[in-house]
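As a plain string of letters, each chain reads:
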Amino acid sequence: MSVLDVTRPPVSAASEPLAETVGAGTEVPLVQGGRVRYANLDYAASAPALRPAADRVAEILPLYASVHRGAGYASAVCTSAYENARAVIAGFTGAREDDAVVFTRHTTDALNLLASAVPGLVMHLDAEHHANLLPWQVRRGHVVAARPTAGATLDAVRAALDREPAALLSVSGASNVTGECLPLAELAEIAHSRGTRLAVDGAQLVPHRRVDLAAAGIDYLAFSGHKLYAPYGAGVLIGRRDWLDAAPPYLAGGGAVREVALDQVSWACAPARHEGGTPNVVGAVALAAACRHIERLPAGAVTAHETALLRRLDAGLRSVDGVRVLRIWPGDDAERIGVFSFVVSGFPSRLVAQYLSAEHGIGVRDGKFCAHPLLARLSPEGNAVRASIGLGSRADDVDRLVAALRVLRSSGPAWTYSGPEDSYCPLPDPRPLPSWLEGSAGGASSPCES
């Protein structure tokens with residue numbers, strides 16, 4: 001059984017969203033006047049909330065209370081909802097029966113927790129997001145195993161582990177820069193044959209492909225709610241509990257203990273051991289609701305929806321003179337999720353992003369995407385523009401992006417943009433902020449100022 005759900009039913013035109021998200025149809029102002037439906041092509045940063053996740057939050061808020069040890073009805077309901085969320089997420093990811101499911105704030109938090117528990121050397125690739133790079137750098141017990149390149153990644157990992165045995169190999173399941181996926185089951189087999197465990201940064205992969213820990217041999221998986229259509233401040237680390245039970249408590253405090261005296265403490269086992277303090281019940285419940293909704297979508301629907309949009313986006317970008325798409329592997333062999341990064345000849349990436357937003361109502365990301373080593377390798381410009389899609393995306397979003405880039409290359413921006421190269425802003429920026437932000441402490445009067 002493959003780690004990825006690669007069932008591919010006939011590809012539709014993807015003209016409509018696959019799922020309802022909060023804010024779909026929202027209109028935003030343009031600098032030249034008027035308003036247009038917001039084309040959100042920034043799912044890889046933070047995805048909008050799924051309607052079922054938002055609805056579940058609205059249901060639990062009237063009974064919101066602290067979990068565990070509370071005798072009140074509201075506390076009992078929240079405790080049940082919190083622990084049920086843990087079980088739902090375990091099932092959604094194919095966790096083993098004895099795996100621990102620890103709620104965290106996000107992927108970065110989860111991988112820092114894992115870093116505190118690894119009893120030895122950690123290896124990773126040079127293509128990692130900073131969330132799967134900096135925790136190991138801080139530990140000073142890490143080694144860069146390999147540069148992922150066509151036909152060489154698996155051999156390079158084998159050679160690296162043979163040369164310097166490690167306790168853990170930690171990789172990104174899908175690149176947040178290019179959307180390309182690693183062969184996780186094969187990496188797990190290589191690691192396990194050498195006594196090494198495999199951890200996966202699933203922040204980008206899990207929202208796009210079903211991941212099965214047990215089937216793929218993944219030992220630890222981390223991901224974030226805010227990328228999985230549940231932007232309510234929760235993340236999760238799932239995996240083998242022996243390291244987590246032996247590690248020092250990630251956050252010492254109430255809830256993480258069995259007994260406390262003035263001069264000693266008996267700590268609980270995972271997951272409670274690493275969930276000190278009052279947990280984010282709302283975030284956990286929202287994340288579970290998102291997982292359950294995605295799980296109930298027709299088999300292969302997510303892959304088919306994204307494949308149609310990816311093909312449309314790829315063809316569209318290739319048709320615009322001066323646009324270069326970034327790839328780790330040459331060709332089209334690698335499995336990939338809905339993330340494209342590109343550079344536009346003659347225009348700094350920050351200017352491109354501001355132009356798309358100000359003149360076309362399109363949201364993209366620009367910069368180095370918290371993957372500085374990879375961007376330094378792939379882009380001589382040092383940065384890029386990233387467009388990313390998801391369940392709420394539609395063909396019109398892709399078509400608008402391609403059309404806007406074609407106009408940029410042929411005619412340039414219609415508006416004036418000023419500032420240092422890494423902080424271009426439309427000048428002036430007449431777009432008003434929402435009325436509920438009026439009088440805010442920040443004092444910003446336009447989106448660019450904020």
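Residues numbered from 1 in each chain as written. Predicted model: local features only at pLDDT ≥ 70, side-chain atom pairs only at ≥ 80, totals over all residues. Heavy atoms only, no water.

To continue, consider the overall build of the protein. In terms of regular secondary structure, the protein is built from 13 helices and 19 strands. Overall size of the protein, expressed as C-alpha extent along the three principal axes, is 70 × 55 × 45 Å. With 450 residues in all, the protein has 54% of them scored as buried. By sequence separation, contacts in the protein at least 24 residues apart represent 71% of the contacts at least 6 residues apart. Computing the positive centroid from 41 side-chain charges and the negative centroid from 46, the protein places the two 1 Å apart. (Helix = DSSP H or I, 4+ residues; strand = E, 2+ residues; numbered from the N terminus. Buried < 20%, exposed > 50% of the residue type's maximum accessible area, 1.4 Å probe, protein only. Contact = heavy atoms within 4.5 Å. Lys, Arg positive; Asp, Glu negative; His and termini not counted. Charge placed at Lys NZ, Arg CZ, Asp CG, Glu CD.)

Our next topic: the pattern of salt bridges. Scanning all chains against the criterion turns up 27 salt bridges. Among the salt bridges present, the one from Glu 335 reaches Arg 209, with a minimum N-O distance of 3.0 Å. Separated by 126 residues along the polypeptide, Glu 335 in the loop between strand 13 (323–325) and strand 14 (339–344) and Arg 209 in the loop between strand 8 (197–201) and helix 7 (213–216) bring together distant segments of the chain. We note a salt bridge from Arg 241 to Asp 245, for which the minimum N-O separation is 4.0 Å. (Salt bridge = Lys/Arg side-chain N within 4 Å of Asp/Glu carboxyl O.)

On to the side chain of Thr 104. Within the element layout of this structure, Thr 104 appears in strand 4 (residues 99–104). A relative accessible area of 9% places Thr 104 in the buried class. Side-chain polar atoms of Thr 104 contact the backbone oxygen of His 106, separated by 3.1 Å. Residue contacts for Thr 104: discarding those within four places in its chain leaves Asp 109, Ala 110, Leu 113, Gly 233, Ala 234, Gly 235, Val 236 and Leu 237. (Polar contact = N/O pair within 3.5 Å; in protein donor to acceptor, adjacent residues only side chain to side chain.)

Among the five residues that make up strand 9 (residues 220–224), five are buried, leaving the element largely enclosed by the rest of the structure. Burial of the side chains of strand 9 extends over both faces: Tyr 220, Ala 222 and Ser 224 are buried on one face and Leu 221 and Phe 223 on the other. Note that strand 8 and strand 9 share three bridges and pair parallel. Opposite Val 200, over in strand 9, you have Leu 221 as the bridge partner. Pairing geometry for strand 9 and strand 10 (residues 235–240), over five bridges, is antiparallel. Across the sheet, residue Tyr 220 finds its bridge partner in strand 10, namely Gly 239. (Pairing = 2+ DSSP bridges.)

Two elements in contact, helix 1 (residues 51–60) and helix 9 (residues 281–295), have axes separated by 8 Å at closest approach and are oriented at 140°. Taken as axis vectors, helix 1 and helix 9 run oblique relative to one another. Where helix 1 crosses over helix 9, the two elements pack in a sense that is right-handed. Counted together, Pro 52, Ala 53, Arg 56, Val 57 and Ile 60 of helix 1 and Val 281, Val 282, Val 285, Ala 286, Ala 289, Ala 290, Arg 292 and His 293 of helix 9 form the full contact between these two elements. By residue class, the composition of the contact of helix 1 with helix 9 is ten nonpolar, one polar and two charged. (Axes fitted to C-alpha atoms, helices over the stretch in contact; angles between N-to-C directions. Parallel < 35°, antiparallel > 145°, perpendicular 65-115°, else oblique. Left-handed = near helix turned anticlockwise from the far one by under 90°. Nonpolar A, V, L, I, M, F, W, Y, C, P; charged D, E, K, R; others polar.)

Okay, the confidence of the model for the protein next. Averaged over all residues, the pLDDT of the protein equals 92, while 93% of them reach at least 70. Note that pLDDT drops below 50 for residues 1–11; the model gives that stretch 32 contacts with residues more than four away or on any other chain. (pLDDT = per-residue confidence, 0-100.)

Under the definition given, this model contains three aromatic pairs. Ring centres of Tyr 82 and Phe 103 lie 5.0 Å apart, and the angle between their planes is 40°; this geometry places the pair in the tilted category. With a gap of 21 residues between them, Tyr 82 in helix 2 (residues 73–92) and Phe 103 in strand 4 connect regions that are remote in the sequence. Neither Tyr 82 nor Phe 103 differs from the other in exposure class; each is buried. Summarising the aromatic geometry, the rings of Tyr 220 and Trp 243 are spaced 5.6 Å apart at their centres and angled 15° between planes, so their arrangement reads as stacked. Taken together, the residues span a long stretch of sequence, with Tyr 220 in strand 9 and Trp 243 in helix 8 (residues 241–246) at a distance of 23 residues. The exposure class of Trp 243 is buried, given its relative accessible area of 12%. The residue whose ring lies beneath Arg 197 is Trp 243, and the NZ or CZ to ring-centre distance is 4.4 Å. Directly above the aromatic system of Phe 340 lies the positively charged group of Arg 336, at a separation of 4.1 Å from the ring centroid. (Phe/Tyr/Trp six-rings, centres within 6.5 Å; stacked < 30°, edge-to-face > 60°. Lys NZ or Arg CZ within 6 Å of the ring centre and 35° of its normal.)

On to the side chain of Arg 273, then. Positionally, Arg 273 belongs in the loop between strand 12 (265–267) and helix 9. Among buried Asp, Glu, Lys and Arg side chains, Arg 273 stands out as unpaired, with Asp 245 the closest opposite charge at 5.8 Å. A polar atom in the side chain of Arg 273 sits 2.7 Å from the backbone oxygen of Ala 247. Polar side-chain contacts of Arg 273 include one of 2.9 Å to the backbone oxygen of Ala 268.

Attention now moves to helix 2. In this model helix 2 runs 28 Å from its N-terminal to its C-terminal C-alpha over 20 residues, within 8% of the 28 Å that 1.5 Å per residue would give. For helix 2, the elements touching its buried residues are helix 1, strand 4, strand 9, strand 10 and helix 9. Gly 94 sits one or two residues past helix 2 and shows a positive phi near 65°. (Expected span 1.5 Å × (residues − 1).)

Here the focus is the nonpolar core. One finds Ile 89 and Phe 223 to be the most contacted residues of the largest nonpolar core, which totals 79 residues. Top element by residues in this core is helix 9. It accounts for eleven residues. Not counting the four nearest positions on each side in its chain, Phe 223 is found in contact with Ile 89, Thr 93, His 106, Thr 107, Gly 202, Ala 203, Val 206, Leu 228, Gly 235, Val 236, Ile 238 and Leu 287. Grouped together as the second largest cluster of nonpolar side chains are 32 residues, Val 31, Leu 313, Val 323 and Ala 358 included. (Core = buried A, V, L, I, M, F, W, Y, C linked by side-chain atoms within 4.5 Å.)

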